[in-house]
Amino acid sequence: MKNNSNKTTVPEAKEAMDKFKMEVASELGVPLTNGYNGNLTSAQNGSVGGYMVKKMIEAQERQMAGK
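Here goes a summary of the coordinates provided. As the structure is a computational prediction, the values presented were derived from the model and not from experiment.

On to the overall build of the protein. The helix and strand inventory of the protein stands at two helices and zero strands. A principal-axis box enclosing the C-alpha atoms of the protein has dimensions of 40 × 35 × 20 Å. Residue burial in the protein is summarised as follows: out of 67 residues, 13% are buried. Within the protein, contacts between residues at least 6 apart in sequence are counted, and of these 39% link residues at least 24 apart. Surface exposure of the protein reaches about 5600 Å², of which carbon and sulfur atoms provide 54%. Of the side chains in the protein, 9 bear a positive and 7 a negative charge, and the two mean positions are spaced by 4 Å.

Next up, the structure:
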């Protein structure tokens with residue numbers, strides 16, 4: 001069975017995750033668009049994903065600390 005890591009685990013969160021991805025790309029200055037982004041380098045795409053993870057971890061740590 002093929003595992004596609006590009007799928008949202010919680011389907012109801014897909015729209016919010018897409019919005020979050022676009023916000024992060026904007027913060028980083030990566031010209032991400034809806035749809036095909038084959039014109040971007042793997043470094044650009046990777047920076048968006050990496051920064052998303054960093055921000056999600058920070059938010060979870062704040063929540064766990066009660067802040």
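For Lys21, the position within the fold is in helix H1 (residues 14-28). A relative accessible area of 32% places Lys21 in the partly exposed class. Separated by 37 residues in sequence, Lys21 and Glu58 place their C-alpha atoms 16 Å apart. When neighbours within four sequence positions are excluded, Lys21 is seen to be in contact with Leu32, Val48 and Met52.

What follows concerns the side chain of Asn37. One can find Asn37 in the loop between H1 and helix H2 (42-64). In terms of polar contacts, Asn37 uses its side chain to reach the backbone carbonyl oxygen of Thr33, at 2.7 Å. With residues up to four places along the chain from it excluded, the contact list for Asn37 reads Pro31, Leu32 and Asn45.

Criteria and thresholds
- Residues numbered from 1 in each chain as written.
- Predicted model: local features only at pLDDT ≥ 70, side-chain atom pairs only at ≥ 80, totals over all residues.
- Heavy atoms only, no water.
- Helix = DSSP H or I, 4+ residues; strand = E, 2+ residues; numbered from the N terminus.
- Buried < 20%, exposed > 50% of the residue type's maximum accessible area, 1.4 Å probe, protein only.
- Contact = heavy atoms within 4.5 Å.
- Areas by Shrake-Rupley, 256 points an atom, 1.4 Å probe, with all protein chains shown as cover.
- Lys, Arg positive; Asp, Glu negative; His and termini not counted.
- Charge placed at Lys NZ, Arg CZ, Asp CG, Glu CD.
- Polar contact = N/O pair within 3.5 Å; in protein donor to acceptor, adjacent residues only side chain to side chain.

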